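# Per-entry structural report
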Amino acid sequence: MNELNFEEFTPVSAKAWKQHIQFHLKGLDYNDTLSWISSEGISIKPFYHKDTVKAVPLSAISTNANFNICDTIEVLDVAKANAEALKAINAGANSIKFCIKTTGIAYKDVLNGIDTTAITVYFDFNVALQHVVANKTQIELANTYCTTDIIGNLAKTGNWYANLKADFLNFSTFVTQTQAFHINVSLYENAGATIVQQLAYTMGHANEYFNHFENAFKDAVTTPITVVFNVSIGSNYFFEIAKLKALRLLFNSITKHYSTPYRCHIFALPTKRNKTIYDAYTNSIRSTTECMSAVLGGADTISNTPHNATFKTQDASAKRLARNQLLLLKHEGYFDAVHNPTDGSYYIETLTTQLAESTLNLFKNIELSGGFLKQLKEGTVQRKLKESATKEEQLFNTKEKTIVGCNAFTNPNERLKDSIEKYPFLKKEKRKTLIPPIIEKRLTQNLEKERLKKE
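Residues numbered from 1 in each chain as written. Predicted model: local features only at pLDDT ≥ 70, side-chain atom pairs only at ≥ 80, totals over all residues. Heavy atoms only, no water.

### Side note on the pairing of strand β6 (residues 144–148)
Most of β6 is tucked away, with 5 of its 5 residues classed as buried. Burial along β6 is two-sided: the residues Thr-144, Cys-146 and Thr-148 and Tyr-145 and Thr-147 are all buried. Summarising the sheet, strand β5 (residues 120–125) and β6 pair through 5 bridges and their orientation is parallel. Bridge pairing in β6 links Tyr-122 to Tyr-145. (Buried < 20%, exposed > 50% of the residue type's maximum accessible area, 1.4 Å probe, protein only. Helix = DSSP H or I, 4+ residues; strand = E, 2+ residues; numbered from the N terminus. Pairing = 2+ DSSP bridges.)

In structure tokens, the structure reads:
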């Protein structure tokens, strides 16, 4: 970071700033009043100054100005999915993500009329891969990412698609052909993980794949494999910026130890964890700051979520509003005009380094204990996530953590029961699983259930 010289201003030292702050505190303790410890165990100071920062680490230079605006579409009907994609592109989206959960999809028909040289397309597959591999030639196009995450499926459902051996065999064939796969980081955020847990479990999750490919490919792959991290962004504005920067820093640190080349690609979306069904328009405010964090953290692509997605099935107006939030940030907020203004910030770079160091310690512990898959099978990851989620829920229940419209500034006259089109709460299904699945749960759901009963 180049030293800026403003001759008309007298430099102010960190010591002088602290003395000035202490004067205005009028006897209150400086550390007790202004310093705090985050849930990740990160110590936060009231200000950051070049005198107290030995060197700005410049964690990962990014070019957020080029971020894609994406619409996410679940493919149930090929013609409808294609029509929805074309409509979104005409309305300003320059990226489309198709979520594939069934077999027998005619992928060429889904892409009918879409110029993949200008539009970035994602195909996220959540199906048994032998069906995908057989038809993959239909979508061997430029600017298209075909990805899947077999460990993510195990973590979320508690089961492999088939079994460990078959899934990894099909996965290796798939990745050899597509040169890409994804990591479902969102699962950990939406299950209540701290940022350090999210990053550490993500790195452990990815490292299982890196180890597998090191043996499976044996230096045969020379073109970088793209790892698409599907990351949910929470409401802790500066921490979430640092989270994405730390993710790239950790990725670069780990992948340099492998012979297979990899490329980091971040696909960001707002968290589900803090979204409400009552006073749902406040979700738009939450998702706006979350998308801002994603941009400034260096996400490659951002897909916003409609404010009422939790309880509405299809709402064209809400989808348009969600897309327009990103269009406003990019074209009227000028978020596309500066290549990451957070690079070199004393606070954010220090925070990035602290998160990365804490993550690395937890990641090393995971590896020393046998790796991420072993901890999943033993239930260690699930237990740790439940502990973190419970702590956050306690803060919400005691109103130490506020969510506007739910446990603060509520509208007691709002009635919602007749507007709900899909079940907005956690569904419990009795089924046999190999491991306990990781459960995504919104913070507000218990309180909302009680309100609905009283309507």
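Let us keep going from here.
### So, the nonpolar core
With 97 residues, the main nonpolar core has Phe-98, Phe-123, Phe-181, Phe-229 and Leu-376 as its most contacted residues. Per element, the largest residue contribution to this core is 11 residues, and it comes from helix α9 (residues 195–217). Among residues more than four places away in sequence, those in contact with Phe-98 are Ile-73, Val-75, Ala-81, Ala-85, Val-110, Leu-111, Ile-114, Val-121, Tyr-122, Phe-123 and Asp-124. Within the second largest apolar cluster, 7 residues are counted, among which are Ile-277, Tyr-278, Ala-280 and Phe-425. (Core = buried A, V, L, I, M, F, W, Y, C linked by side-chain atoms within 4.5 Å. Contact = heavy atoms within 4.5 Å.)

### A word on unusual backbone geometry
Backbone geometry at Gln-179 places phi at a positive 60 degrees, although glycine is not the residue there. Residue placement: Gln-179 occurs in the loop between α7 (164–178) and β7 (180–184). By relative accessible area, Gln-179 is classed as partly exposed at 21%.

### Digging into the pattern of salt bridges
Counted according to the given criterion, the structure contains 20 salt bridges. Of the charged contacts, one joins Glu-240 and Lys-243 as a salt bridge, the two residues approaching to 2.7 Å between their closest N and O atoms. Note that Glu-240 and Lys-243 are positioned in helix α10 (residues 237–255) at a spacing of 3 residues, about one turn of the helix. Both residues of the pair, Glu-240 and Lys-243, belong to the buried class. Among the salt bridges present, the one from Lys-312 reaches Glu-421, with a minimum N-O distance of 3.5 Å. Taken as a pair, Lys-312 in the loop between β10 (301–303) and α12 (316–331) and Glu-421 in the loop between α15 (380–397) and α16 (445–454) lie far apart in primary sequence, 109 residues in all. Glu-421 sits in the partly exposed class, given a relative accessible area of 43%. Here the residues in one salt-bridge network are Arg-273, Glu-392, Glu-393, Lys-401 and Lys-441, joined through shared partners. (Salt bridge = Lys/Arg side-chain N within 4 Å of Asp/Glu carboxyl O.)

### Points about α9
Over its 23 residues, α9 extends 32 Å from the first C-alpha to the last, a length consistent with the 33 Å expected when each residue adds 1.5 Å. Of all 23 residues making up α9, 18 are buried, and the element is well covered by its neighbours. (Expected span 1.5 Å × (residues − 1).)

### Remarks on the environment of Thr-301
Secondary-structure assignment places Thr-301 in strand β10. Note: C-alpha distance between Thr-301 and Asp-343 (42 residues apart in sequence) is 19 Å. Those residues in contact with Thr-301, other than ones at most four positions away along the chain, are Asn-68, Cys-70, Ser-95, Tyr-122, His-265, Ile-266, Phe-267 and Ala-268. At 2.5 Å, the side chain of Thr-301 and the side chain of Tyr-122 are in polar contact. (Polar contact = N/O pair within 3.5 Å; in protein donor to acceptor, adjacent residues only side chain to side chain.)

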